[in-house]
Each structure stands twice: as C-alpha cells, then as structure tokens.
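# Structural characterization, general
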Amino acid sequence: MIAGRATLPHPGTTEGRHAAHAPQALYMRRLIRRLLLAAMLLGAAPAGAQTGDTLQNALDRLDALQASLARRGPGVLGIMGYNMVPDGSANAIQVNRTTASNEQGSSVFTLSQFGFGFTWSESFPLFTEIYAGYARYDPRAVFTGAAARRTPLRWNNFTTTIGVGYDIRLAEYLWLRPILNASLGYAAGDATLFGAFLSYRTGRDIPALTDRHVNVYGLGGSLVLAYYDYRPERDIDVELRYTQLHLQTFGDTMRAARGSSVAQTVGLWTRYRWPTGWEAFGRPVRWVIDGSFTSYFGDQEQVLGFSWAAKVGGGLEVDLGRYEIGAMGINVSRVRLIGRYFYGDGGVTGTSVGLGISF
C-alpha cells in the first residue's frame, strides 16, 4: 500500500482561485443541463396546463427518467449474478415478472445455466467446476416496468464461472469444500452483436453499435457442506452451499451501465438414486429424484422478481463406466435424463428437461 499527502493550493493564488470556482462551475453546468431537459419536456405538456404545475411535472418526469436509467446498471449485474453463481440443478427457465410482482408491462426474460463440477480423485481431492450462463431480455421492460418494445431486438448476457476447491473430510460421509470462484460476463444488444459481426466480416468498426456493451468480472467464493452416502441399494447426495461473488464492470463498458454488485445465494440441493431392476450396457439402470431450494439476495432478488426458488424432478440414470468414455483420466461414469418443475415465490412457475453427467 502506498500512502501520500496532497497539498492544496492557497486560495490567494490564481491556481487556488480556479480550484475554488471549479465546483461552482460544475454545479452550474449540471443545473443548466437539468433546466434544458425540463424545457424539452415542457414542450410535450398540454397547452392549458398551469406554468408552475407544468414545470414541476416536467422535473418529476425528469427525475423518474434518470432513476429508471440508473437502475439499468445494477439490473444487468443482477441478471449476471444469477447466471454466474453455480447451481447444482442448472437448467433453463423463462420468467415473466408480471406474474411475480404488480409491475405493468411485459417483462419476459430467459435465464439459462449449464455446467459441471467434479473431484479429481480420493487421493487428490481437488475440486473443479465450470459453468456457463445465458440470459435474453428487454432492459426497458425488465428494469423500468414499461411495456416491452415491439421490435424483436433484445439484450443478451453471456457468462462463465470457474471454481477451484478442496475436499476436507469431516466424517465418513461428510465433507467440507471451500471454493474460490472467478467469473467473466459480457452483455450486448442484438444490434451490437450484429455490428460486431459486420466489423469482423468487413474490417470496418461501427462505434454507434459496437460501443453499447457491458464487460463484467466477478471474484468470490463458496463454502459447501456435502453429505455423500453411496451403497449398492441406493445413493444419497446432499449439498448445502453459500456463494458470494463481487461483480464489477470494467474496460469500455457503456457509461450508463457502469457499477458494482454483490451476488449472494444460499442453496440446498439433494439427490436420491436406486436401481430400477433393468440393465443397459451391462450395468443397472437407476431411478433418480432430485430437488433444490435457493434463496437470492441483493440485486438478484430485485431484478428477478422473486427472492427464492425451488426445483423438483426425476428421471433415469444409465451407467456407462465400463466403457471408459473420456480423456486425460476423466471418464464419464453415468448419464441422467431428468425433468424438473420450477416454482418461485409470487407464483412464478416453469418446467425444464436436463441432461446430467457424472465423472
């Protein structure tokens, strides 16, 4: 850490007088901009309105407009927080916030996450996880509650999260797993992605399109308390996980979306498997049921429209271990096909079908 002391210019000098007047000049510039915007809004007011009321209404509309724009920065980060935090029952859902709140307007958006995690071996209990997320939405509807645009153009979030941890054995079936997580995210509208494609194909940059994007990185960690009990007649998996990621925009992020956010979740995930009595590929086929409950905090809750969500589902699992499908010592042991039902507070519901792989 480097410490230092700043020396201020004396008010009596020319430099000191200029420094003293700088805040006043900045305040006047902001006041002029505010009055000009209010004048523009006055032009759209009814002709018969009183001048005082019209000016106050214009200023109120200006404050509402600035507040709605200010919400877009944390809004983008809130959606990215959902996609960046690893979820053991990762899948794709579509949410309509008008069913989760009293807001008006169509605010449908899609949230997807796919990934995996595994421990390398019992002799080398290093845990690794990799997740990728995607979201598609209309920021005007999702962040301000206004009606969605009629144009098909939307914004897209792309995220990836990696985690490295270590399994600490507490008891015969009980493990503690601290994990360090790092994430990267990119958000851009359809027009921006099209501009980037044109720039790639023609070599010509279109700043009006390509400059409107958001770059985000996230750093944090997770703490997992896991219970794994595997027996021939049944398998039990239970994980209680707390995750916290600090998200920050960087680089050439558009000014209106710059900011930071903290994504926090607490989730309980469990799975139960037992033989069906059938066989495939020379190994037993198993029934699988699983469920999860997750609580969201901070900007995630504000943007998603629900503070908690539950998933429950079931399906079949096929054992492929005898074929040693894989590479670099990592082989696929089991493949699962599971259907899930999603429910969140406020009446948000959904269904999904997922494909799971065990190593």
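Here is a short report on the structure shown in this document.

Attention now moves to the overall build of the protein. Of the regular secondary structure elements, the protein holds seven helices and 15 strands. Counting only residues that meet the buried cut, the protein has 38% of its 359 residues in that class. Split by element, the accessible area of the protein, about 20300 Å² in all, is 62% carbon and sulfur.

A word on the nonpolar core. Within soluble globular proteins, side chains that are nonpolar generally end up buried alongside one another. Membership of the largest hydrophobic core comes to 28 residues, with the highest contact counts inside it found for Leu-111, Tyr-137 and Val-214. When residues of this core are traced back to their parent elements, those giving at least two are α3 (72–84), β2 (108–119), β3 (126–137), β7 (213–231), β8 (234–249) and α7 (299–304). Examining the composition of this core, we find that six residues originate from one element, α3, more than from any other. The next biggest cluster of nonpolar side chains, apart from the first, holds six residues, and it includes Phe-127, Ile-179, Ala-226 and Tyr-228.

The next thing to look at is the side chain of Arg-286. With respect to the helices and strands, Arg-286 occurs in strand β10 (residues 283–297). Reaching out from Arg-286, the side chain makes a polar contact with the side chain of Asp-235 at a distance of 3.0 Å. Setting aside chain neighbours within four positions, we find Arg-286 in contact with Arg-231, Pro-232, Asp-235, Arg-273, Trp-274, Pro-275, Thr-276, Gly-315, Leu-316, Glu-317 and Arg-334.

Compared with the 18 Å implied by 1.5 Å per residue over 13 residues, the 18 Å span of helix α5 (residues 190–202) between its first and last C-alpha is a close match. Within the sequence span of α5, burial applies to Asp-190, Thr-192 and Gly-195. At the C-terminal side of α5, Gly-203 shows a positive phi close to 80 degrees.

Next up on the list: the environment of Asp-319. In this structure, Asp-319 sits in strand β11 (residues 308–319). Residue Asp-319 is classed as buried on the basis of its relative accessible area of 13%. Spatially, the C-alpha atom of Asp-319 lies 4.4 Å from that of Arg-334, the residues being 15 residues apart in sequence. Those residues in contact with Asp-319 that lie beyond four places of it in its chain are Ala-280, Phe-281, Arg-283, Pro-284, Ser-333 and Arg-334. Here the side chain of Asp-319 touches Arg-283 through a polar contact of 3.4 Å, side chain to side chain.

Glancing now at unusual backbone geometry. Negative phi values dominate among residues other than glycine, just as trans dominates among peptide bonds. Of note in this structure, Phe-281 is not a glycine but carries a positive phi near 60 degrees. On the secondary structure map, Phe-281 appears in the loop between β9 (260–280) and β10. What makes Phe-281 partly exposed here is its relative accessible area of 47%.

Our next topic: a nonpolar patch on the surface. Together, Tyr-166, Ile-168, Leu-170, Leu-225, Leu-240, Tyr-242, Val-266, Leu-268, Phe-293 and Phe-297 make up a nonpolar patch on the protein surface, roughly 840 Å² of accessible area in all. Within the residue set of the nonpolar patch, elements represented by two or more residues are β8, β9 and β10. Within the secondary structure, Phe-293 sits in strand β10.

With that settled, the discussion passes to the pattern of salt bridges. This model, assessed by the stated rule, comprises 17 salt bridges. Between Arg-273 and Glu-317 there is a salt bridge whose closest N-O contact spans 2.9 Å. Remark: Glu-317 occurs in strand β11 and Arg-273 occurs in strand β9; sequence separation between them is 44 residues. For the pair Arg-273 and Glu-317, one class covers both residues: buried. What emerges from the salt-bridge pattern is a single network uniting Asp-235, Asp-237, Arg-273, Arg-286, Glu-317, Arg-334 and Arg-336.

Parameters at a glance
- Residues numbered from 1 in each chain as written.
- Predicted model: local features only at pLDDT ≥ 70, side-chain atom pairs only at ≥ 80, totals over all residues.
- Heavy atoms only, no water.
- Helix = DSSP H or I, 4+ residues; strand = E, 2+ residues; numbered from the N terminus.
- Buried < 20%, exposed > 50% of the residue type's maximum accessible area, 1.4 Å probe, protein only.
- Areas by Shrake-Rupley, 256 points an atom, 1.4 Å probe, with all protein chains shown as cover.
- Core = buried A, V, L, I, M, F, W, Y, C linked by side-chain atoms within 4.5 Å.
- Polar contact = N/O pair within 3.5 Å; in protein donor to acceptor, adjacent residues only side chain to side chain.
- Contact = heavy atoms within 4.5 Å.
- Expected span 1.5 Å × (residues − 1).
- Patch = residues over 30% accessible without salt bridge, like charges linked within 9 Å, V, L, I, M, F, W, Y side chains within 5 Å.
- Salt bridge = Lys/Arg side-chain N within 4 Å of Asp/Glu carboxyl O.

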